[in-house]
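# Summary of the model geometry
Listed below, chain by chain, are the residues.
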Amino acid sequence: MDLPQPLAPWGPYLSLFPRDLALSLGPVLQRLSLAVGPLRVRRPSGEGDPDGFDGLDRHGPYERLLPSEWLLAEEAPEEFLRRAAAGEHTFLRTSRPEPGGTRISVALFDAGPGQLGSPRIAQLAALIVLARRAEAAGARFGWAVLQEPASPLLTEVTPAAVLRLLASRTSFEATDSQIEAWSTRLSGWKELDDAWIVGVHHPGVPPLDCSASLLQIWDALDPRVRRVKVAVRRAGLPAGEVALDLPDDATCARLLRDPFGAEASVPRRVAPGAAPASNLVFSGNGTKIFARGREGEVLAIPVPNSPRAVPGRVRRYDIGQRAPAVAAGLAGRAVAVVTTRDGGVVLHLTHKRDDSAFYQISFPEDPARAAGFQPVPGDCLRPLLQVRSRLLVLDGEGGLFRFQDAGGERWLLRLAPRTVAAVSFPAHVAWVEPASPGRSARICISGGGSPSEVRDLEGTSADEAFFGCGGGLAHPQYGLVAVRRDEWTWTIFFREGARDLTPFSRSRVVGVGRIPGREDPALLLLDEDRRTLVLTGLRGTRTLPPASSPIEHVAASHTAPTIAYSTVDGEVVIYSLKRNAVVARLVPEGEG
């Protein structure tokens, strides 16, 4: 790997990581290495048993005088005497090797709760720094977890060892008995020159009998910066404290979850009936994806946290009626499904103790209070929105309705006649209304009633719109929203204002989001090959891994940087932008 010259000492270790992660970790290694310092070289005392000669010296008994000096005594006795008086004679030096075994440096890493998150990145840097430090001094290096005194020492820094360190975590701090067990285990090692306890940052930590040094790590707890504090405490030396500035959030997440870019979600086989027959809908909190099944049932697909997480099973909710589901989502912790009946709708909610059973609440049509709920196309599933305890739903024409329940009466109250996109936040709902005669397109905000805040979108058709996850770019009211301005241009509205973007020719806009690591809102495009998704902004693009077959439906969560798509073969892929990895891949039985 081609690295800058200042990082050359750690080149063999940094080459384990992708280059961008290696460059991000480099400054942390440099600063931590200066704080720790080199491993001191032990000087020989010259008190071992004689074992031949190992060099020359200006002092010694004359029986060890060089033969060439005796030759000078015969040929030039006066010069011989002058050299003797001036101390210029040369003698053989006796070799006195000292028994002592091989030198060893040991590091014990605290896996307690205080080292979760940012401190774990400092521990990773400490592993590399201490290993390189021992190598430079010609010492062997070994490390283990402080809470596991019976575990063997690991002697190499490999991808497997790094993952072992990152995965070592426990909910308990190191106990006195564990530290004493390590003390007993290491106290008899005469060849042990250097021992470290890495991570412990709480009072009352008993020292090891081998006089281990402490490398204490703790989070700076400053929301304005990504920083950890490190204190170096060695016997007989003054303590030193440094601050380590960490890389950006996305890079830190990769270092902790997928440092080698090798994580890949194993394809999971599902029954053919678990393949979606409609579009995909994210729940409001981004933890589940809903779709309509081939027989009208609702499929609930859990979203894993990472490729290494064990994926939950796909649940099939059959409401036991011929009326197909028109909307699905979460109502608190319950799964909620909406169907139509006699011009009204029926809300089906799972029981708290048995989420395979539903109870029903009917909301009949009441023309005196609102226009009727329009049918939803058979291949479409609408999201169920929740604002506090209020539930809202979209009909087939984009009308936004709220479920009303008061005084023993239930009905649907229409809040907006037509929307092209709508999402819910904990305290309000946001939607986009297209332009209509006498009214421009607009973004509306409401706590559950009439719009309380409106942003007019003059000169915009807004016949299509998407909400997405903006992170730090998100507007406090409506997050991140992309609206079609005209045939060629889209406008992204975010915290700092608005930005116009023109998609690639022959590509289709299917969402909006943010390219991780960049403060750059981007359109999510489906390429003309129908297999490739691309996030494109003004400052760059990110191309997702191509699909195995043409993509049919795409959905992007507005609360988490997660994208999901389904293919014509029924495969469902869930992709995390934050981790830059596929976190789930569901393949129907019989497919490749």
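Residues numbered from 1 in each chain as written. Predicted model: local features only at pLDDT ≥ 70, side-chain atom pairs only at ≥ 80, totals over all residues. Heavy atoms only, no water.

### Some points on the packing of aromatic side chains
How we decide: Note on aromatic contacts: the rings of Phe and Tyr and the six-membered ring of Trp form a pair at centre separations within 6.5 Å, being stacked when their planes are under 30 degrees apart, edge-to-face when over 60 apart, and tilted otherwise. What counts as a helix is a DSSP run of H or I of at least four residues, what counts as a strand is a run of E of at least two, and both are numbered from the N terminus. Only protein chains enter the accessibility calculation, which uses a 1.4 Å probe. A residue is then buried if its area is under 20% of the maximum for its type, exposed if over 50%, and partly exposed in between.
For the structure on display, the rule yields eight aromatic pairs. Ring geometry for Phe 109 versus Trp 143: centroids 5.7 Å apart, planes at 90°, classification edge-to-face. Of the two residues, Phe 109 sits in strand S3 (residues 104–109) while Trp 143 sits in strand S4 (residues 140–145), which places them 34 residues apart along the sequence. You can call Trp 143 buried: its relative accessible area is 1%. Aromatic pair Phe 363 and Phe 403: ring centres 4.8 Å apart, planes at 70°, arrangement edge-to-face. Of this pair, Phe 363 sits in strand S17 (residues 358–363) while Phe 403 sits in strand S20 (residues 400–406), and the two are 40 residues apart along the sequence. Judged by its relative accessible area of 9%, Phe 403 is buried. Put simply, the rings of Tyr 62, Trp 70, Phe 80 and Phe 91 pair up and form one aromatic cluster.

### Some thoughts on the sheet that holds strand S34 (residues 551–556)
The line we're drawing: When DSSP finds two or more bridges between a pair of strands, those strands are recorded as paired. Axis definition: a line fitted to C-alpha atoms, limited for helices to the stretch in contact. Angles are taken between N-to-C directions and run from 0 to 180 degrees.
The strand order S9-S37-S36-S35-S34 describes an open sheet built from five strands, whose pairing is mixed. Each edge of the open sheet carries a strand with a single partner, namely strand S9 (268–270) and S34. Along the sheet, successive strands turn relative to each other by an average axial angle of 20°, direction set aside. Relative to strand S36 (residues 572–576), strand S35 (residues 562–567) is paired through five bridges, and the arrangement is antiparallel.

### Re unusual backbone geometry
Here the phi dihedral of Leu 221 falls at roughly 55°; this positive angle occurs in a residue that is not glycine. For Arg 530, which is not glycine, the phi torsion reads 65° and is therefore positive. Following the sequence through the fold, Arg 530 ends up in the loop between strand S31 (521–526) and strand S32 (533–536). Owing to a relative accessible area of 38%, Arg 530 belongs among the partly exposed residues under this scheme.

### Comments concerning the nonpolar core
For the record, the criterion: For the purposes of this section, nonpolar cores are sets of buried Ala, Val, Leu, Ile, Met, Phe, Trp, Tyr and Cys residues that join through side-chain atoms within 4.5 Å. Two residues form a contact once any of their heavy atoms are found within 4.5 Å.
Ranked by size, the top nonpolar core spans 50 residues in total, and within it Leu 25, Leu 32, Val 198 and Leu 215 carry the most contacts. A total of eleven residues in this core trace back to one element, the largest contributor, which is helix H5 (residues 118–136). Sequence-distant contacts of Leu 32, that is, excluding residues within four places in its chain, are made with Ala 122, Ala 125, Ala 126, Val 129, Leu 215, Val 230 and Leu 244.

### Some thoughts on the sheet that holds strand S14 (residues 325–331)
Read across the open sheet, the eight strands follow the order S17-S16-S15-S14-S18-S19-S20-S21; overall the sheet is mixed. The sheet is open, and its two edges are formed by S17 and strand S21 (409–416), each paired on a single side. Across the sheet, the mean angle separating the axes of adjacent strands is 30° when strand polarity is ignored. Note: strand S16 (residues 344–350) against S17, six bridges, orientation antiparallel. Across the sheet, residue Val 346 finds its bridge partner in S17, namely Ser 362.

### Some thoughts on the confidence of the model for the chain
Segments scoring low in pLDDT should not have their predicted coordinates read at a detailed level. Condition: For every residue, the predictor states its confidence as a pLDDT score lying anywhere from 0 to 100.
This prediction gives the chain a mean pLDDT of 86; 92% of its residues lie at or above 70. When mean pLDDT is compared element by element in the chain, strand S10 (residues 281–282) scores highest at 97, while strand S1 (residues 53–57) scores lowest at 80.

### Side note on the pairing of strand S37 (residues 581–588)
For S37, a buried count of six out of eight residues is recorded, marking the element as mostly surrounded by other parts of the structure. Pairing analysis gives five bridges linking S36 to S37, with the strands arranged antiparallel. Each residue of the ladder has a partner; that of Tyr 575, found in S37, is Val 582. Counting the residues in the hairpin turn of S36 and S37 gives four residues, including Asn 580, whose phi is positive at 55°.

### Structural notes on the pairing of S3
Within S3, six of the six residues are buried, which leaves it mostly tucked inside the rest of the structure. The alternating pattern of S3 places Ile 104, Val 106 and Leu 108 and Ser 105, Ala 107 and Phe 109 on opposite faces, both of which are buried. Strand direction decides the pairing type here: S3 and strand S5 (residues 192–199), joined by six bridges, are parallel. Paired with Ile 104 across the bridge in S5 is Leu 192.

### Observations regarding the environment of Asp 379
Note that Asp 379 resides in the loop between S17 and strand S18 (382–387). Here Asp 379 falls in the exposed class, since its relative accessible area comes to 52%. C-alpha of Asp 379 to C-alpha of Ala 462: the two residues are 83 residues apart in sequence and 23 Å apart in space. In this structure Asp 379 touches Ala 277, Ser 278, Asn 279 and Arg 292, once residues within four positions along its chain are discounted.

### Side note on the packing of helix H2 (residues 19–36) against helix H8 (residues 249–257)
Inclusion rule: Under this scheme an angle from 65 to 115 degrees is roughly perpendicular, one under 35 degrees roughly parallel, and one over 145 degrees roughly antiparallel; angles in between are oblique. Residues are grouped as follows: Ala, Val, Leu, Ile, Met, Phe, Trp, Tyr, Cys and Pro are nonpolar; Asp, Glu, Lys and Arg are charged; all remaining types, including Gly, are polar.
Contact pair H2 / H8: the axes reach a minimum separation of 11 Å and the direction vectors enclose 105°. If you check the angle between H2 and H8, you find them roughly perpendicular. Contact residues: H2 offers Asp 20, Leu 21, Ser 24 and Leu 25, while H8 offers Thr 251, Arg 254 and Leu 255. The class makeup of the residues in the contact of H2 with H8 is three nonpolar, two polar and two charged.

### Regarding the pattern of salt bridges
Applied cut-off: In what follows, salt bridge is the name for a side-chain nitrogen of Lys or Arg lying within 4 Å of a carboxyl oxygen of Asp or Glu.
Summed over all chains, the structure comprises 21 salt bridges. Across the salt bridge formed by Asp 249 and Arg 226, the nearest N and O atoms sit 3.7 Å from each other. Residue Asp 249 is found in helix H8, and its partner Arg 226 is found in the loop between strand S6 (213–219) and strand S7 (227–233); the two are separated by 23 residues along the sequence. For Arg 226, a relative accessible area of 36% translates into the label partly exposed. We note a salt bridge from Arg 484 to Glu 464, for which the minimum N-O separation is 3.0 Å. Of this pair, Arg 484 sits in strand S27 (residues 480–484) while Glu 464 sits in the loop between strand S25 (453–457) and strand S26 (465–468); the two residues are 20 residues apart in sequence, bridging distant segments of the chain. Among the residues examined, Glu 464 registers a relative accessible area of 25% and is labelled partly exposed. Taken together, the shared-partner salt bridges in this structure form one network comprising Glu 69, Glu 79, Arg 82, Arg 83 and Glu 88.

### Structural notes on the packing of H2 against H5
Rules: For any helix crossing, the convention is left-handed if the near helix is rotated counterclockwise from the far helix by under a right angle, and right-handed if that rotation is clockwise.
Look at H2 against H5: their axes get within 9 Å of each other, and the N-to-C directions meet at 60°. Judged on the interaxial angle alone, H5 and H2 are oblique. H5 is crossed by H2, and the crossing has right-handed handedness. On the side of H2, the interface is formed by Leu 25, Val 28, Leu 29, Leu 32, Ser 33 and Val 36, while H5 contributes Ile 121, Ala 122, Leu 124, Ala 125, Ala 126, Ile 128, Val 129, Leu 130 and Arg 133. Classifying every residue of the contact of H2 with H5 gives 13 nonpolar, one polar and one charged.

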